[in-house]
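A look at the structure
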Amino acid sequence: MEVIESIVTDAIEVEDLTTTVTTLESEKSKAEFVWTIQATWHLVHVRLDMDPEFDQPVCKKKKLWETVAERVTAKLRADESTDVSVKAFECDLKWRNMLATYRKNAERAKRLGTSSVHWEFFKEMHEVLGRSYEEVEAQRKAKLNGTKLGKAIASKRFTPILPTPTATASQLPNARPPQDLLQLYLELQERKLNMWAQQKALEERKIEAINNLARAITCLSQNNSMQIPKDCVASGTPSTQQ
């Protein structure tokens, strides 16, 4: 009897667990948005229409993607008449994936031609995203023409900044000829040599004085009497009394 009750209890637990997993899967499927071909086309049209707003130097991308999600959701509800909604981060992620696919197909179109690309969204996206810089710049200048800013830029005169010419020796005030400069250089070199010779003689005198002092100390240490050694007298060392 206990075994039967245990089996029945386990069965109930398994049934409850299966029901819970099924409920979670259904809720997960409701939470995730499935991108159909129709929903993807709506995203492409809305995002390309808002491309100038995304190209602004200063813009809040989060707010723009929320606007994209609202417009795509409105189009889907108008088409299917169902309570379906897409979130901003889902639109952003989907568009990033589509941009990666578009760039690969754009490289293929450069190498093999546009006819080699069979991706259904390529033509629509390439008409907006494939414009060259020259075309964008030409359109920007065309929009500026006739406006106050365009007229101000067109009427502005720019003064070129030229490099300052280097003054020659003849143009410098009190400039010396090359012969005088050479003579001055030789005089400076001669002065340097004289100073070096004087410094050398002074060092030699210092060395000689040190040697004489050393000899005098040696003589004093060897003598225990008041008599001055003959070698000290011969060397010219002055006598010292203790």
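From a predicted model like this one, the values you see are computed outputs, not experimental measurements.

On to the environment of Cys59, then. Within the secondary structure, Cys59 is located in the loop between helix 3 (51–54) and helix 4 (61–80). Not counting the four nearest positions on each side in its chain, Cys59 is found in contact with Glu53, Phe54 and Leu64.

Attention now goes to the packing of aromatic side chains. Aromatic ring pairs are described here by two measures, namely the spacing of the ring centres and the angle between the planes. One pass over the full model with this rule turns up five aromatic pairs. With 4.9 Å between their ring centres and 80° between their planes, Phe33 and Trp35 make a pair best called edge-to-face. An identical accessibility class is assigned to Phe33 and Trp35; each is buried. Note on Trp41 and Phe121: the rings are 4.6 Å apart at their centroids and 55° apart in plane angle, and the pair reads as tilted. Here Trp41 is found in helix 2 (residues 37–49), whereas its partner Phe121 is found in the loop between helix 5 (88–112) and helix 6 (122–129), with 80 residues between them in sequence. Assessed through its relative accessible area of 5%, Phe121 is described here as buried. An aromatic cluster is present here, built from Trp41, Trp119 and Phe121 joined pairwise through their rings. Here the guanidinium or amino end of Arg47 rests over the ring plane of Phe54, the centre of that ring lying 3.8 Å away.

Using the criterion set out here, one finds three salt bridges in the structure. The partner of Arg47 in a salt bridge is Asp51, with the nearest N and O atoms 3.1 Å apart. A salt bridge links Asp83 to Arg77, with the shortest nitrogen-to-oxygen separation between them at 3.2 Å. The exposure class assigned to Asp83 is exposed, which follows from its relative accessible area of 70%. Relative accessible area serves as the criterion here: at 38%, Arg77 is assigned to the partly exposed category.

This brings us to the packing of helix 2 against helix 4. Taken N-terminus to C-terminus, the directions of helix 2 and helix 4 make an angle of 135°; their axes are 9 Å apart at the nearest point. What the angle tells us is that helix 2 and helix 4 run oblique. As helix 2 runs across helix 4, the sense of the crossing is right-handed. Between helix 2, through Gln38, Ala39, His42, Leu43, Val46 and Arg47, and helix 4, the contact on the second element is made entirely by Trp65, Val68, Arg71, Val72, Lys75, Leu76, Asp79 and Glu80.

Conventions adopted
- Residues numbered from 1 in each chain as written.
- Predicted model: local features only at pLDDT ≥ 70, side-chain atom pairs only at ≥ 80, totals over all residues.
- Heavy atoms only, no water.
- Helix = DSSP H or I, 4+ residues; strand = E, 2+ residues; numbered from the N terminus.
- Contact = heavy atoms within 4.5 Å.
- Phe/Tyr/Trp six-rings, centres within 6.5 Å; stacked < 30°, edge-to-face > 60°.
- Buried < 20%, exposed > 50% of the residue type's maximum accessible area, 1.4 Å probe, protein only.
- Lys NZ or Arg CZ within 6 Å of the ring centre and 35° of its normal.
- Salt bridge = Lys/Arg side-chain N within 4 Å of Asp/Glu carboxyl O.
- Axes fitted to C-alpha atoms, helices over the stretch in contact; angles between N-to-C directions.
- Parallel < 35°, antiparallel > 145°, perpendicular 65-115°, else oblique.
- Left-handed = near helix turned anticlockwise from the far one by under 90°.

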